[in-house]
Amino acid sequence: MQRHYKLNRHVQKHSGRVINASNLLDRRSALLRIAVVAGAPIFSGCAELSPGYPERDTPREAAMAWPADKPRTALVLGSGGPRGFAHVGVLKVLAAAGIEPTLVVGSSAGAIMGALYAARVPIDVIEQRALSLGLTDIADPALLKPNRLIGRALQNVVNDMVGGRRIEDLPLRFCAVAVPVGATKLVAFSAGDTGAAVRASSALPSIFLPTQIGDTLFEDGDLVSPVPVDVARALGATRIVAVDVSAWREDEPANGHESWKRRDAERRAIIEREAVGATYFHRVRLPYYAGASRAYREDVIGLAAEQTKVALESIRAALA
């Protein structure tokens, strides 16, 4: 059974800064306005007209080429928005223990961290970038919808960090999970431009425009599969460690908005349905309210690292 952690200290520490979703939306809108004033529309117009990669590198599904000399193990990193920074804590512990899967599957925030991990970017570099990343680094508001980001800036950040390598050229097998707009069938991008695949997987409708890949518009994989265990199985993985950083329903505040509670319930039902397919399901407990500050990121990375250390032997056994 997983340990329970006291989170009141963290919530109190961020009292007044990380209170509710509307505060985060206000902060996002302010930064978007700054980006517009700073001349982002000039860049945005170009980004909206070009995918940012040659046609031959269009993200696509491809058969998973499992190496004959390695086990078919997979690490699945789930979605969670700002909670996704907690994946850094998980990866720090795995790296220190010398544990490495053969395949990494990511959804949304998990796809961002998963791509960097699959590229074997040093974990201290991933952590440093995670702590320093600001919305202005990915602020490319659309000309016709300035309250939404295009996503090309995020695509560029990812491609820069993975050294411009395509998914099939990364040291570890990797796939980013996204869903076509209006559909329920997931697409697992396992070849092509890494940043574009991650961008599609992270295109949360409330923040980003859908990502066009080929003739199809894609959006956040979280909408259909927050922790895509089934995708890892479908790709051929025989042993799977899945990491869930989403909110715990047990931590819902009594006065929480009903729409949040409904969404929590919907997500939890999807997650639990897929969790049974994991060899080990690592459910990280974080504060219910998420934030954007550096202090919040440091805290969730620390909490995730602490809980992963407790679960380390179970993870090691699952990926053996």
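Structural data are supplied above this passage.
Since the model is a prediction, treat every value here as computed from it, not as a measurement. All residue numbers refer to positions counted from 1 along the written sequence of the respective chain. Note on the predicted model: pLDDT of at least 70 is required for a residue's local features to be given, and 80 or more for side-chain atom pairs to be given and counted; whole-chain, interface and lining totals, by contrast, use all residues. Side-chain figures throughout are based on the complete set of non-hydrogen atoms in the structure, without hydrogens or water.

Draft legend 1. Representation of the packing of helix α7 (residues 152-161) against helix α8 (residues 194-201). One way to put it is that α7 packs onto α8 with a least axis distance of 8 Å and a crossing angle of 135°. Relative to α8, the element α7 is oriented oblique. In terms of crossing hand, the pair formed by α7 and α8 is right-handed. For the pair α7 and α8, contact is made by Arg152, Leu154, Gln155, Val158 and Asn159 and by Thr194, Gly195, Ala196, Val198 and Arg199, respectively. Only the contacting stretch of a helix is used when fitting its axis, a line to C-alpha atoms as for every element, and angles between N-to-C directions run 0 to 180 degrees. Strands are runs of DSSP state E lasting at least two residues, helices are runs of H or I lasting at least four, and both sets are numbered from the N terminus onward. Throughout, the term roughly parallel applies to angles under 35 degrees, roughly antiparallel to angles over 145, roughly perpendicular to angles from 65 to 115, and oblique to all others. It is the rotation of the near helix from the far one that decides the hand of a crossing: anticlockwise by less than a right angle makes it left-handed, clockwise makes it right-handed. We call two residues in contact whenever any of their non-hydrogen atoms come within 4.5 Å of each other.

Draft legend 2. Here's a closer look at the pairing of strand β7 (residues 239-244). For every residue, the accessible area obtained with a 1.4 Å probe (protein chains only) is divided by the maximum for its type, and the residue is called buried under 20%, exposed over 50%, and partly exposed between those limits. In terms of burial, β7 is largely enclosed, as 5 of its 6 residues are buried. For two strands to be treated as a pair, DSSP must find at least two bridges joining them. Bridging between strand β1 (residues 73-77) and β7 involves 5 bridges; their strand directions are parallel. Within the sheet, the bridge partner assigned to Leu77 lies in β7 and is Val243. In terms of strand pairing, β7 meets strand β8 (residues 280-283) through 4 bridges, oriented parallel.

Draft legend 3. Representation of the environment of Arg268 within the structure. Note that Arg268 resides in helix α10 (residues 258-275). Look at Arg268 and you get buried, because its relative accessible area is 7%. Here the alpha-carbon distance between Arg268 and Ala247, two residues 21 residues apart in the chain, equals 8.8 Å. Leave out the neighbours within four places in its chain, and Arg268 touches Asp244, Ser246, Ala247, Arg249 and Arg283.

Draft legend 4. Summary view of the side chain of His87. Along the polypeptide, His87 turns up in helix α4 (residues 86-96). A polar atom in the side chain of His87 sits 2.7 Å from the backbone oxygen of Gly78. For the purposes of these results, a polar contact is taken to be a pair of N or O atoms within 3.5 Å, where, inside protein, one atom must be able to donate a hydrogen and its partner to accept one; residues adjacent in sequence count only when each atom of the pair is a side-chain atom.

Draft legend 5. Local environment of the packing of aromatic side chains. Each aromatic pair joins two rings of Phe, Tyr and Trp (for Trp, the six-membered one) with centres within 6.5 Å, and gets the label stacked for planes under 30 degrees apart, edge-to-face for over 60, and tilted for any other angle. Scanning the entire structure with this criterion turns up 3 aromatic pairs. With 5.1 Å between their ring centres and 70° between their planes, Phe189 and Phe218 make a pair best called edge-to-face. Of this pair, Phe189 sits in strand β4 (residues 187-189) while Phe218 is found in strand β6 (residues 216-220), placing the two residues 29 residues apart along the sequence. Exposure class is identical for Phe189 and Phe218. Each is buried. Between Tyr288 and Tyr289 the ring centres are 5.5 Å apart and the planes differ by 80°, which places this aromatic pair in the edge-to-face class. Taken together, the aromatic side chains of Trp260, Tyr288 and Tyr289 make up a single cluster linked through ring pairs. Counted as over-ring charges are cases with an Arg CZ or a Lys NZ within 6 Å of the ring centre that also lie within 35 degrees of the ring normal. Between the NZ or CZ atom of Arg283 and the centre of the ring of Trp248, over which it lies, the distance is 3.9 Å.

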